[in-house]
Amino acid sequence: MRDPGSELNKLREDNLYRELKYGASATGRTFHSGDLSLLNFSSNDYLGLGANEAIKEAVTETIASYGVGSGASRMLSGGTTPHLLIEKETASFFGKDSSLFFANGYGAALGTLGAILQKGDTVILDKLCHASLIDGSRLSGATVRTFPHNNIENLKTILNSINKENQKEKRILIVTEGIFSMDGDVPPIKEIIKLKEQHQTLLLLDEAHSFGIIGESGKGFAHRENCIKGVDFLMTTFGKSAGAAGSVTVSSRTCTELILNRARSFIYSTAPMPSQAAAALAGLRLIKGKLGEERRGTLHRNIDHLCNELQISRPQGAIIPLIIGDELHALKIAENLHREGILAPAIRYPTVSKGSARIRITVSANHSEKDIAFLVKKIKKSLNNI
Ligand SMILES: *Cc1c(COP(=O)(O)O)cnc(C)c1O
């Protein structure tokens, strides 16, 4: 039998071994681990809402009214008013009819893709789509195709190659992201929608890294590009800019009904705690309110500042990848930064392809100008010390 110890040793040899870190607080400007205090450039809490008082209050008040556990699947008795409200308000926020709340984005992807697709269908993903979208596609039983990142010509070729016989009984779904999670760039959405219409396919857009960050009131990428009508399924997580946890798939009423009838991660799982739905709702309300607007302003100033100082092109969102290439090299730079008081992880295979290891910096509205200046100084020093 394959020995787990030697499997781990192989990961170590390849510089792909991973271990967990434990800190005193998961979000915020600094990361405390033991005696060590690091400036945190690894959190997806882009707007600095993770410790927000309004979200904390929403949680404690909901626990006082509803208790802690939800007790059952939503299909049974697990649904409460906070679940209903988060679904109503996200649907109207994104300008769609309907929405379904999941415990997390990973489960939403598995459930949604599994509900819409079946054997005989085709799902076409951008090569850099998040693991949850890939896993959901594979599990669905549909034929899985991928196109090179943002390559419209290749997508066209795939669409042309699909056998359109019996099309009335089949679905073709294109999947892409609003802002890509490891590269921080955006897709050619208008061209994708044009193709989608020509070939009568569906489109799923994952706005995990664009929700709260770009677009009017933080409505994300599709809204900013005036393309929301062309998006059939919009997914986002509340674990990033909303400072909470959970996820929604927003779509038409019929599609939402289909998802809730078919999504196994929704049906066969205990409902998220009512307080989690309330936290997500409080996060959403902050994002669309005045505080959200202010935080987005600070965030974008911080991103501008960092990119100017490092003389790199400005990404659309708050993810700034410093592409290093070699895995060991990237690990060493991350270790150097760690020694200098900065938490910015090396991202390696299989999260990104082999030989494209990178330092992934995520900027937040919690960082001050001084923090950004400190980071710039330490990055320059670490790169020179390799
Ligand atoms: C983080 C992320 C997810 C998963 O969301 P969780 O709520 O953390 O499970 C899905 N898609 C993308 C693009 C993500 O970045």
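Conventions used here
- Residues numbered from 1 in each chain as written.
- Predicted model: local features only at pLDDT ≥ 70, side-chain atom pairs only at ≥ 80, totals over all residues.
- Heavy atoms only, no water.
- Helix = DSSP H or I, 4+ residues; strand = E, 2+ residues; numbered from the N terminus.
- Rg over C-alpha atoms; globule rule 2.2 N^0.38 Å.
- Buried < 20%, exposed > 50% of the residue type's maximum accessible area, 1.4 Å probe, protein only.
- Pairing = 2+ DSSP bridges.
- Near = heavy atom within 4 Å.
- Polar contact = N/O pair within 3.5 Å; in protein donor to acceptor, adjacent residues only side chain to side chain.
- Areas by Shrake-Rupley, 256 points an atom, 1.4 Å probe, with all protein chains shown as cover.
- Nonpolar A, V, L, I, M, F, W, Y, C, P; charged D, E, K, R; others polar.
- Arc of directions from axis to C-beta.
- Contact = heavy atoms within 4.5 Å.
- Right-handed = clockwise from strand over helix to strand, strands pointing away.
- Domains from an automatic or database assignment.
- Buried area = accessible area lost by both parts, 1.4 Å probe.
- Salt bridge = Lys/Arg side-chain N within 4 Å of Asp/Glu carboxyl O.

(A) Structural view of the overall build of the protein chain. In terms of regular secondary structure, the protein chain is built from 14 helices and 13 strands. Taking 386 residues into account, the globule formula puts the C-alpha radius of gyration at 21 Å, and the protein chain, at 21 Å, falls close to it. Along the longest, intermediate and shortest principal axes, the C-alpha atoms of the protein chain span 60 × 55 × 50 Å. In the protein chain, which comprises 386 residues, the proportion classed as buried is 51%.

(B) Inspection of the pairing of strand S2 (residues 36-40) at higher detail. Across four bridges, strand S1 (residues 30-33) lies against S2 in antiparallel orientation. Looking at S2, one finds that Phe31 is bridged to Leu38. The hairpin formed by S1 and S2 contains two residues between the paired strands, and Gly34 there has a positive phi angle of roughly 60°.

(C) Here's a closer look at the site of the ligand. The immediate surroundings of the ligand are formed by Asn104, Gly105, Tyr106, His130, Ser132, Glu177, Ser181, Asp206, Ala208, His209, Thr237 and Lys240. Here an oxygen atom of the ligand sits 3.0 Å away from a polar atom, N or O, in the main chain of Tyr106. Alone, the ligand offers 380 Å² of accessible surface; in the complex the protein occludes 83% of this. Tallied by class, residues from the shell around the ligand come to two nonpolar, seven polar and three charged.

(D) Structural view of helix H5 (residues 131-140). All of the buried residues along H5 are Ser132, Leu133, Gly136, Ser137 and Ser140. Taken around the axis of H5, the buried residues stretch over an arc of 135°, which confines them to a single face. Turned more than 90 degrees off the buried face of H5, the exposed positions are Arg138 and Leu139. Against helix H4 (105-116), strand S4 (122-126), strand S5 (143-147), strand S6 (172-177), strand S7 (202-206) and strand S8 (233-237) lie the buried residues of H5. Positive phi appears at Gly141, one or two residues downstream of H5, with a value of about 90°.

(E) Focus on the pairing of S4. In terms of burial, S4 is largely enclosed, as five of its five residues are buried. In terms of strand pairing, S4 meets S5 through five bridges, oriented parallel. Paired with Val123 across the two strands is Val144, which belongs to S5. Handedness of the β-α-β unit built from S4, H5 and S5 comes out right-handed. For S4 and S6, the ladder comprises four bridges, and the chain directions are parallel. Within S6, the residue paired with Thr122 across the bridge is Ile172.

(F) A look at the side chain of Thr201. Turning to its location among the elements, Thr201 is positioned in the loop between helix H7 (189-198) and S7. Residues contacting Thr201, with those up to four places away along its chain left out, are Leu159, Ile172, Ile174, Lys196 and Asp232.

(G) Quick peek at the sheet that holds strand S11 (residues 342-343). With mixed pairing, the three strands of this open sheet are ordered in space as S1-S2-S11. Single-partner strands in this sheet number two, and they are S1 and S11.

(H) Examining unusual backbone geometry more closely. Tyr349 connects to Pro350 through a cis peptide bond whose omega is 5°. With respect to the element layout, Pro350 can be found in the loop between strand S12 (346-347) and strand S13 (357-362). Positive phi, close to 55°, is recorded for Gln311, a residue that is not glycine. Mapped onto the elements, Gln311 comes out in the loop between helix H12 (290-310) and strand S10 (319-325). What makes Gln311 exposed here is its relative accessible area of 73%.

(I) Up close: the domain arrangement of the protein chain. Partitioning the protein chain into structural domains gives domain 1 (22-46 + 318-384) and domain 2 (53-287). Using only C-alpha atoms to locate each centre, domain 1 and domain 2 end up separated by 28 Å. Between domain 1 and domain 2 the total buried area reaches about 870 Å² when both faces are included, carbon and sulfur atoms providing 62% of it. Taken as a group, Asn44, Tyr46 and Ile319 account for 49% of the area that domain 1 buries against domain 2, more than any other trio of residues on that side. The interface formed by domain 1 and domain 2 includes one salt bridge. The closest approach of N and O atoms between Arg358 and Asp183, which form a salt bridge, is 2.9 Å. Taken together, domain 1 and domain 2 are joined by four residue pairs in polar contact (both at pLDDT 80 or more). Of all elements in the fold, only S10 and S13 reach the threshold of two or more residues within the side of domain 1 that touches domain 2. The residue makeup of the side of domain 1 that touches domain 2, split by class, is five nonpolar, two polar and three charged.

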